[in-house]
Protein chains: 2
Amino acid sequence: MSEKLIQWKNLVDFCKGILMKLSVTEKDAFMVADNLVSSNLRGIDSHGVARLDRYVDGIKTKYIIPDVKPKIAKESPVLANVDGQNGLGQVIGTFGMELAINKARKSGFGMVSVFNSNHYGYAGYYSMMALKHNLIGISMTNSAPLVVPTFGKNALMGTNPIAVAAPTKKNKPWVMDFATSTVPRGKIEVYNRLNKKMPLGWATDEKGNVTDDAVRVERNLKDLLGGGLLPLGGAGETYGGHKGYGLTVMIDMFCAILSGSNYGPNVVSKKEGKIVPPRVGHMFMVIDPEYFIGINEFRTNMDNYIDELKNSEKAEGEGRIYVHGEKEFEMQERREKEGCPLDDKTVEKLLALSKEFNVPINFIN
Amino acid sequence: MSEKLIQWKNLVDFCKGILMKLSVTEKDAFMVADNLVSSNLRGIDSHGVARLDRYVDGIKTKYIIPDVKPKIAKESPVLANVDGQNGLGQVIGTFGMELAINKARKSGFGMVSVFNSNHYGYAGYYSMMALKHNLIGISMTNSAPLVVPTFGKNALMGTNPIAVAAPTKKNKPWVMDFATSTVPRGKIEVYNRLNKKMPLGWATDEKGNVTDDAVRVERNLKDLLGGGLLPLGGAGETYGGHKGYGLTVMIDMFCAILSGSNYGPNVVSKKEGKIVPPRVGHMFMVIDPEYFIGINEFRTNMDNYIDELKNSEKAEGEGRIYVHGEKEFEMQERREKEGCPLDDKTVEKLLALSKEFNVPINFIN
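Residues numbered from 1 in each chain as written. Chains lettered and ligands numbered in written order. Predicted model: local features only at pLDDT ≥ 70, side-chain atom pairs only at ≥ 80, totals over all residues. Heavy atoms only, no water.

Right, let's talk about the overall build of chain A for a bit. If you tally the helices and strands in chain A, you get eleven helices and 14 strands. Expected size for 365 residues packed as a compact globule is a radius of gyration near 21 Å; at 20 Å, chain A falls within 12% of this value. Along the longest, intermediate and shortest principal axes, the C-alpha atoms of chain A span 55 × 50 × 45 Å. Looking at chain A as a whole, 60% of its 365 residues qualify as buried. Considering only residue pairs separated by 6 or more positions, chain A has 66% of its internal contacts joining residues 24 or more positions apart. When the accessible area of chain A is evaluated, it comes to approximately 14,100 Å², of which 50% is carbon and sulfur surface. Each charge class in chain A can be summarised by its mean position, and for the 46 positive and 42 negative side chains these summaries are 4 Å apart. (Helix = DSSP H or I, 4+ residues; strand = E, 2+ residues; numbered from the N terminus. Rg over C-alpha atoms; globule rule 2.2 N^0.38 Å. Buried < 20%, exposed > 50% of the residue type's maximum accessible area, 1.4 Å probe, protein only. Contact = heavy atoms within 4.5 Å. Areas by Shrake-Rupley, 256 points an atom, 1.4 Å probe, with all protein chains shown as cover. Lys, Arg positive; Asp, Glu negative; His and termini not counted. Charge placed at Lys NZ, Arg CZ, Asp CG, Glu CD.)

Written as structure tokens, this is what we have:
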């Protein structure tokens, strides 16, 4: 088995095909597939098709219900609380963001909080949905506990990501999208697989001390032995670890405490040996610049700021200053042309799904 | 000259008295005084009365206009863009937040972006104004450029703080309030004064390299020689410095690009040797949980989450896990009883103002 390349359209069809064998409607299956493959195109492979088997498992073990529709539980012209009914996170997320966009198109603003959902893919997908309407989009989600609070021993909070997308004129849109931990779990997994020492400041061991031992951290997280990822800013307060810890709690507040979903240590899909719906929460917010300075001037000034940042002097030894989203848009252009590379472990997983569900998969090489 | 203690009420009266000698109305002078002293009470001395002389200077040199009223430039039931008319930041900020609160009380949500303002004190003051109405409050501001973008050499962005306050039931409200740089400038100033080496990761030198030399960083910032504070997450991308950089730009976007104010490197009060209004921007947002899960359940679950965090196991050698705002509320209780301590430099400044404007000041010791 080795790394393979695949055309993104073939990858969408494959994911769609698998999900449709599991009672997911064609429309819903496309939403999930588009979200996963878009993540691969943008270089966020950790949230791409490598996760397809987890969604399949979720449906099989019934903590994800494939054939329900999200339901509006409470609504005003600008706000809504949505019950995901434990369906597919991407379907619920797309519903929530579309609702927020429609509200913003009518009233200049929309905010939708969501309860009873599942993993919704990468946060940036939803924030970027606002761009084609010339709106600012925000997306947040909580997630399973992996992050320790400042001075704490146990992982009580998710890596809770936040994404913000803003329209521009000549530059690519500004798209910020990140986990509020120092690094996402995927980075620890890579160091674990390579048996390589991590930089000190990413994670703590089972006693709560900073460690460079990725194998230990991965084992501890898997067996709930204590320790976990550090919030953005690292251990203690010296480098602002309490700030990342605050952002993580804030996202739990917007996504889950506000909507009435599970938060912090309660976002789990197994409880007392039983499979349970994790009841993940999301929050979507959409703002129309036309109600403030006006969309035209907003886009022009986003461009001006981006240019000022990119064209400013570089630190010694550095060749380029990036703005948020730039790397991902460049990756997307390349991968749309050349195909998406998939690592051997992902190829193996997809081939197993192909066989199990009798859905063909066509690689380039 | 040495450290002195003063009753907070006397401190409010003193600040009010000084400002009223500069054509500030009694009502507006109280707003500024209350904001400054509240910062001292909460232990955020960097944003307290130590800054009174800067506001006095701003009025004297006319980049702050003491006798204007903020004006609503554009408005909808939930949104507004406000022209601060280069008045006192605290007066404009209080106006903006009250407007957002009134909108949220009627429609469940309010968002106000502000242009043509000045330094508004500490961000948490405004977010906490929402608490007595059982609403969630958010406050952000941009500020003068002190922070370098990831891989950049020059300070192009402010330390742009964000504050979020959420109501609780039995615990103190949850109040997150921080600069999006690794540390605020005040910390560098302290190390500079003590001629002490800083931790590596707070700031860069004039070439853009990480340095522990606070004296050099302070001199470089003052003379615009290059380098500056690092965004939350530190230098490069290893510890997520690009995340802090993103947050800082996001806050400029909400506060200034959206409102039509100065952003990034343009927030300066001196240009080509001339004094100019910095045209600082703010953003206020207020959300009513009643439109989501309901205020009662929201407050109960905030308490539950806070308790889960506080009562969880501590990392080895640590005695306590804090939640956001807790330290500040404890400090406030103590200082309301015992008085506010003022360092010798601040005492000196206040005595000079007392003499210049003939306003008496009464210390405890």
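So, about the nonpolar core. Residues F109, M111 and F254 of chain A together with F109, M111, F254 and I287 of chain B are the most contacted members of the largest nonpolar core, which totals 104 residues. Aside from chain neighbours lying at most four places away, what touches F109 of chain A is V78, L79, K103, A104, M285, V286 and I287 of chain A together with V78, L79 and F109 of chain B. (Core = buried A, V, L, I, M, F, W, Y, C linked by side-chain atoms within 4.5 Å.)

To continue, consider the pattern of salt bridges. This structure, assessed with the given rule, holds 34 salt bridges over all chains. In this structure, E206 of chain A and R216 of chain A form a salt bridge, with 2.7 Å as the shortest nitrogen-oxygen distance. Taken together, the positions of E206 of chain A in the loop between β8 (203–204) and β9 (210–211) and R216 of chain A in helix α7 (residues 214–222) put the pair ten residues apart, joining distant regions of the chain. Here D53 of chain B ties to K349 of chain B by a salt bridge, and the two come within 3.5 Å at their closest N and O atoms. (Salt bridge = Lys/Arg side-chain N within 4 Å of Asp/Glu carboxyl O.)

Attention now moves to the interface of chain B and chain A. Contacts between the two partners involve 89 residues from chain B, matched on the other side by 89 residues from chain A. Carbon and sulfur atoms supply 67% of the area buried between chain B and chain A, which totals about 7,400 Å² over both sides. Taken as a group, K243, F292 and Y305 of chain B account for 11% of the area that chain B buries against chain A, more than any other trio of residues on that side. Inspection of the chain B/chain A interface yields four salt bridges. The tally of links between chain B and chain A comes to 38 residue pairs in polar contact (both at pLDDT 80 or more). Looking at the side of chain B that touches chain A, the elements that each hand over two or more residues are β3 (79–83), β4 (109–117), β5 (136–141), β6 (161–166), β7 (174–179), α8 (241–257), β13 (280–287) and α9 (295–310) of chain B. With twelve residues, α8 of chain B is the single largest residue contributor to the side of chain B that touches chain A. Of the residues that constitute the side of chain B that touches chain A, the class distribution is 47 nonpolar, 28 polar and 14 charged. (Buried area = accessible area lost by both parts, 1.4 Å probe. Polar contact = N/O pair within 3.5 Å; in protein donor to acceptor, adjacent residues only side chain to side chain. Nonpolar A, V, L, I, M, F, W, Y, C, P; charged D, E, K, R; others polar.)

Residues and elements named next belong to chain B. Strand order in the open sheet formed by three strands is β9-β8-β10, with antiparallel pairing between adjacent strands. In this open sheet, the two strands that pair with only one neighbour each are β9 (210–211) and β10 (228–229). Pairing analysis gives two bridges linking strand β8 (residues 203–204) to β9, with the strands arranged antiparallel. The residue of β9 that forms the bridge with A203 is T211. (Pairing = 2+ DSSP bridges.)

As a further point, take the pairing of strand β3 (residues 79–83) of chain A. Residues and elements named next belong to chain A. Counting buried positions along β3 yields five of five residues, so the element is predominantly enclosed. The side-chain alternation of β3 yields two buried faces, one formed by L79, N81 and D83 and the other by A80 and V82. In the sheet, strand β2 (residues 71–75) pairs with β3 via four bridges, with the strands oriented antiparallel. The residue bridging K71 from the neighbouring strand is D83, located in β3. Counting the residues in the hairpin turn of β2 and β3 gives three residues. With five bridges joining them, β3 and strand β4 (residues 109–117) adopt parallel strand pairing. Following the sheet pairing, N81 is matched in β4 by S113. Regarding the hand of the β-α-β motif, the stretch spanning β3, helix α4 (residues 89–107) and β4 is right-handed. (Right-handed = clockwise from strand over helix to strand, strands pointing away.)

The operation linking the two copies of the chain is a rotation about an axis combined with a translation along the axis. Turning chain B through 180° and shifting it by 0.0 Å along the axis lays it on chain A, with an RMSD of 0.0 Å. The relationship between the two copies is best expressed as a two-fold rotation axis. Taking the C-alpha atom as reference, chain B places G233 of chain B closest to the rotation axis, 2.5 Å from it. A share of 100% of the interface residues of chain B reappears at the interface of chain A, consistent with the copies meeting face to face through the same patch. (Least-squares fit on C-alpha atoms with pLDDT ≥ 70 in both.)

Residue and element names in this part refer to chain A. Locating G227 in the fold gives a position in the loop between α7 and β10 (228–229). Relative accessible area serves as the criterion here: at 5%, G227 is assigned to the buried category. Each C-alpha atom, one on G227 and one on K74, is 38 Å from the other, the two residues being 153 residues apart in sequence. Discounting chain neighbours no more than four positions away, the residues touching G227 are V148, K153, N154, A155, T204, D205, E206 and L221.

Split by domain assignment, chain A resolves into domain 1 (1–60 + 336–365), domain 2 (68–180 + 237–311) and domain 3 (183–229). One C-alpha centre belongs to domain 1 of chain A, the other to domain 3 of chain A, and the line joining them spans 28 Å. (Domains from an automatic or database assignment.)

Our focus in this paragraph is a positive patch on the surface. Together, R54, R193, K222 and K345 of chain A give the surface a local cluster of positive charge. Among the secondary structure elements, K345 of chain A is positioned in helix α11 (residues 344–357). (Patch = residues over 30% accessible without salt bridge, like charges linked within 9 Å, V, L, I, M, F, W, Y side chains within 5 Å.)

Tallied over the full model, the rule gives 15 aromatic pairs over all chains. On the basis of an interplanar angle of 25° and a centroid distance of 4.4 Å, the ring pair of Y120 of chain B and Y126 of chain B is categorised as stacked. This pair shows no difference in class: Y120 of chain B is buried, exactly as Y126 of chain B is. Between Y122 of chain B and Y125 of chain B, the aromatic rings sit 6.0 Å apart at their centres with planes inclined by 75°, giving edge-to-face as the arrangement. You can call Y122 of chain B buried: its relative accessible area is 3%. When the ring centre of F329 of chain A is taken as origin, the NZ or CZ atom of R42 of chain A, which lies over that ring, is 4.3 Å away. (Phe/Tyr/Trp six-rings, centres within 6.5 Å; stacked < 30°, edge-to-face > 60°. Lys NZ or Arg CZ within 6 Å of the ring centre and 35° of its normal.)

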